Amino acid sequence: MSATTRRRFLQATVALTTATIGAPAAMASGARPAGGAAAPRAPGAPPSRYGAPSPFEAAVSRVGFVSMPGAPASGASRTPLEQLEGTITPTSLHFERHHSGVPEIDPSAHRLVIRGRVNRPLSFRVDDLKRYPLVSRQHFLECSGNSAALVAPVAVEQTCGEIHGLVSGSEWTGIPLRTLLGEAGLAPGARWLVCEGADAGRMNRSVPLAKAMNDGMIALYQNGERLRPENGYPLRLLLPGWEGNIQVKWLREITLTSEPAMTREETSKYTDLRPDGIADQFSFAMGVKSVITHPAAGLAMAGPGWYAIKGLAWSGAGAIRGVEVSVDGGRSWRSAQLDGVVLDRFLTRFRFDWEWQGQESVILSRATDSAGRVQPSRPAWLAEHGPSFNYHCNAIQAWRISRSGKVGNTYVEA
Ligand SMILES: Nc1nc2c(c(=O)[nH]1)N[C@H]1C(S)=C(S)[C@@H](COP(=O)(O)O)O[C@H]1N2
Ligand SMILES: [Mo]
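Residues numbered from 1 in each chain as written. Chains lettered and ligands numbered in written order. Predicted model: local features only at pLDDT ≥ 70, side-chain atom pairs only at ≥ 80, totals over all residues. Heavy atoms only, no water.

Concerning the pairing of strand 22 (residues 361-369)
Stage number 1. Among the nine residues in strand 22, seven count as buried, and that is most of the element.
Stage number 2. In terms of strand pairing, strand 18 (residues 320-326) meets strand 22 through six bridges, oriented antiparallel. Across the sheet, E324 pairs through a bridge with R366, a residue of strand 22.
Stage number 3. Examined bridge by bridge, strand 22 and strand 23 (residues 398-401) share four bridges and lie antiparallel to one another. Within strand 23, the residue paired with I363 across the bridge is W399. (Buried < 20%, exposed > 50% of the residue type's maximum accessible area, 1.4 Å probe, protein only. Helix = DSSP H or I, 4+ residues; strand = E, 2+ residues; numbered from the N terminus. Pairing = 2+ DSSP bridges.)

Focus: empty space enclosed by the protein
Stage number 1. By the definition in use, this model includes three cavities of 30 Å³ or more.
Stage number 2. Here the largest cavity is characterised by a volume of approximately 240 Å³.
Stage number 3. Lining the largest cavity are 20 residues, with R97, R236, G244, Q247 and K249 positioned closest to its centre.
Stage number 4. The element best represented in the lining of the largest cavity is strand 3 (residues 96-98), accounting for three residues.
Stage number 5. The residue makeup of the lining of the largest cavity, split by class, is seven nonpolar, seven polar and six charged.
Stage number 6. As a volume, the second largest cavity reaches approximately 60 Å³. (1 Å grid on protein atoms, 1.4 Å probe; cavity = no way out; pocket = protein on both sides within 12 Å on 5 of 7 lines; lining within 4 Å. Points joined across faces, edges and corners; volume = space filled by probe spheres on them. Nonpolar A, V, L, I, M, F, W, Y, C, P; charged D, E, K, R; others polar.)

Brief notes about the packing of aromatic side chains
Stage number 1. All chains considered together, the criterion is met by nine aromatic pairs.
Stage number 2. A ring pair is formed by W192 and F282, whose centres lie 5.2 Å apart and whose planes are at 40 degrees; its orientation type is tilted. With W192 in strand 8 (residues 192-197) and F282 in the loop between strand 15 (279-280) and strand 16 (289-294), this pair connects stretches of sequence that are 90 residues apart.
Stage number 3. Relative accessible area serves as the criterion here: at 15%, W192 is assigned to the buried category. (Phe/Tyr/Trp six-rings, centres within 6.5 Å; stacked < 30°, edge-to-face > 60°.)

Now the structure itself:
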């Protein structure tokens, strides 16, 4: 932001603040402004065992709950992206996707077994795993079903979190898979890992050995504390940048094989249908993507003036190189600022200052990653996929701002 722009931005903010607290005379005369209205003299609450958000923030919760008819345990909830800042998702608001509910696992009874084409089959207790050299990495996790609503022929009236909240960002701490595989010793022909969870459905996926050896992790901690039950306690598979489905929660068994197991989740599900009717199997890495989280559907404008357009960008292929923003429905684009250190396969925050003059506007964001991939427009994404196919949708989101300041989902032509 230029110096002039920043001054105008700050002036606008100050004007708004003074008007709201109704003390322009005191401010103008240079007198000390009064303190906050609610500064109680009586002592407050004592320290607490485990912290919780302010009761005034009680409206901030997971959103977009869905479950299969008659099977509430097979469901999902989403992160309220438009309510949050920064790049780490509070663990309590991390999205959830369970195929057969959250199992209650006693870590003292749980084992992680490595078997199949290995020289030494191994069985680990959770307490033993905690003693290994651990690494911490910040990565996003995104379900392949995220943003599927953008495939609907008419733009759905949902919030940003309801449409795009099957993505979250965390600091994960765990053991590099190569450490454990090295200990087991790979036998001839070991090329795949068939990884199975301890949930009722025993959800399982096949992982190519190269990915496991490169940056696969057995995660034990999330944002500094032990994993939450809904995110895989006591341990889960973490494969940075790859689709959420393959990051097996409640991991109990890794079988080294020469071929993939062709499980349900990699045959009838999570394969990409192309326009010619043929499906790609194993579309592992998530696409390059961004979404404006403010202003966004679920929020309203507070009248004309300066706004920080902000959002999140991420890519399963590497780091975010740039994000462009359009405030005229995609006719012109300008570069947004990337905030902080841009990490590989993690959420990147972008910001763009904009003066909204109260006119009807359509705002969009478009990300580019270190692999040179550019986020596609919705029409371009649809042209690449078969009819009504909606997994792995990384199309550009457009938000329409009405004159009254209502923000909602919309589609643009190109
Ligand atoms: N064992 C097991 N692992 C699982 C699942 C599951 O139902 N069972 N769901 C998968 C899917 S589809 C996704 S998107 C991610 C969701 O992880 P989260 O609930 O921690 O956000 O976990 C994956 N791992
Ligand atoms: Mo998923």
